[in-house]
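The residues making up each chain are set out below.
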Amino acid sequence: MVEFKKLEQKKVDEIVNILENKYSDIKYYLNFNGSLQLLIAAILSAQTKDTVVNSLTPALFAKYKKVSDFAYSKVTDLIPFIKSVSFPENKAKNIVECCKIIMEKYDGKVPDNMEDLLSLPGVGRKTANTILINAFGKIEGIPVDTWVIKLSYRIGLSSNKKADDIEKDLKEEIEKKYWKNIAYVLKEHGHRICQSMKPKCDICPINNLCPKNGV
Ligand code: SF4
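In this text the structure is predicted, and so the values were computed from the model without any measurement.

Things to note about empty space enclosed by the protein
Over the atoms rolls a probe the size of a water molecule, and its path tells where empty space is left. Applying the stated criterion across every chain, the model contains 1 cavity of 30 Å³ or more. Taken as a whole, the largest cavity encloses approximately 110 Å³ of empty space. Among the residues making up the lining of the largest cavity, the classes are represented as 9 nonpolar, 2 polar and 3 charged.

Structure representation (structure tokens):
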């Protein structure tokens, strides 16, 4: 791998501004209505394409409407609804367990703070940040997924490998007003231009700023 080149702060500001403007139309990619549906969809989306999750959640949410529906479901009853995601048995167990805890500890309501969200099985910082931002409008951090990890390294934002460390770097470098969307902006840039195997550097709007780490 090519030696990492850290980006100077002025260029970070420019890059973030350019990308935010270019992808100003993007929206959060999982379909949901309310915090419970987002919690379930986010758990299902780990190592699974958003399109797969969005294709199965209408039938799932038609049958399971409340926290108690999930909490009192048998894991084996839930699995057929989610069998197209990766690790369906584990995710079904986590969902049922999560909802039991929400019933017992949180009065049947999905928690709206980082600490309580992180106490739920299957919920790490990425999912917790996603829920806080998109269901509660609370912006405490940046959800770090595989696209954010890849592009943060390539663009020169973070040389770290662990998601939590990358999030810390990004929070130090990126103005808070951008935290809400930056993960989705980077993901979109990865899909459209900065693709893993063959980034389209010739048409990239930040090609005069990017150190092209790993290219
Ligand atoms: S210049 Fe190339 S490597 Fe850098 S962000 Fe653009 S597409 Fe990716």
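Here the narrative resumes.
Describing the site of the ligand
Near the ligand, the surroundings consist of 13 residues, among which Arg154, Cys194, Cys201, Cys204 and Cys210 are the closest. In this structure, the ligand is accommodated by the largest cavity. Per-class residue counts for the shell around the ligand are 9 nonpolar, 2 polar and 2 charged.

Some thoughts on the nonpolar core
Of all hydrophobic cores here, the largest spans 66 residues; its most connected members are Ile40, Leu44, Leu60 and Phe70. Two domains each provide a minimum of three residues to this core, namely domain 1 (9–27 + 142–203) and domain 2 (35–136). In this structure, Phe70 is in contact with Leu36, Ile40, Leu60, Phe61, Tyr64, Leu78, Ile95, Val96 and Cys99, ignoring residues within four places of it in sequence.

Structural notes on the UniProt feature "binding site: [4Fe-4S] cluster" (unreviewed entry) in the protein chain
UniProt's feature table lists "binding site: [4Fe-4S] cluster" (unreviewed entry) at Cys194, Cys201, Cys204 and Cys210, given in the numbering used throughout. Of the residues just listed, which span 17 residues, no C-alpha pair is farther apart than 11.0 Å, and they cluster in one region. Set against the largest cavity, the annotated residues named above that line it are Cys194, Cys201, Cys204 and Cys210. Assignment of secondary structure puts Cys201 in the segment after helix H11 (179–192). With sequence-adjacent residues up to four places away left out, Cys201 is seen in contact with Asn207 and Lys212. Excluding residues within four positions of it along the chain, Cys210 makes contact with Ile15, Arg154 and Ile155.

As for the pattern of salt bridges
Two side chains of opposite charge can pair, provided their charged atoms sit close to one another. Applying the stated criterion to the full structure yields 8 salt bridges. Note that Lys6 is salt-bridged to Glu173, the shortest N-O span being 2.4 Å. Of this pair, Lys6 sits in the segment before helix H1 (9–22) while Glu173 sits in helix H10 (residues 163–173), placing them 167 residues apart in sequence. Judged by relative accessible area, Glu173 falls into the buried class, the value being 8%. With its nearest N and O atoms 2.7 Å apart, the salt bridge here joins Arg125 to Glu167.

A few points about helix H2 (residues 35–45)
With 10 of its 11 residues buried, H2 lies for the most part within the structure. Looking at the packing, one finds that the buried side of H2 touches helix H3 (50–63), helix H4 (67–71), helix H5 (75–82), helix H6 (88–105) and helix H8 (125–136). Gln47 occupies a position one or two residues after H2 and carries a positive phi of about 55 degrees.

Some remarks on the environment of Asn208
Mapping Asn208 onto the fold places it in the segment after H11. Assessed through its relative accessible area of 60%, Asn208 is described here as exposed. Sequence separation of Asn208 and Lys11 is 197 residues, and the distance between their C-alpha atoms is 9.8 Å.

How each quantity is defined
Residues numbered from 1 in each chain as written. Predicted model: local features only at pLDDT ≥ 70, side-chain atom pairs only at ≥ 80, totals over all residues. Heavy atoms only, no water. 1 Å grid on protein atoms, 1.4 Å probe; cavity = no way out; pocket = protein on both sides within 12 Å on 5 of 7 lines; lining within 4 Å. Points joined across faces, edges and corners; volume = space filled by probe spheres on them. Nonpolar A, V, L, I, M, F, W, Y, C, P; charged D, E, K, R; others polar. Near = heavy atom within 4 Å. Sits in = over half its atoms within 2 Å of the grid points. Core = buried A, V, L, I, M, F, W, Y, C linked by side-chain atoms within 4.5 Å. Buried < 20%, exposed > 50% of the residue type's maximum accessible area, 1.4 Å probe, protein only. Domains from an automatic or database assignment. Contact = heavy atoms within 4.5 Å. UniProt positions renumbered as here; feature names shortened; annotations may be inferred. Helix = DSSP H or I, 4+ residues; strand = E, 2+ residues; numbered from the N terminus. Salt bridge = Lys/Arg side-chain N within 4 Å of Asp/Glu carboxyl O.

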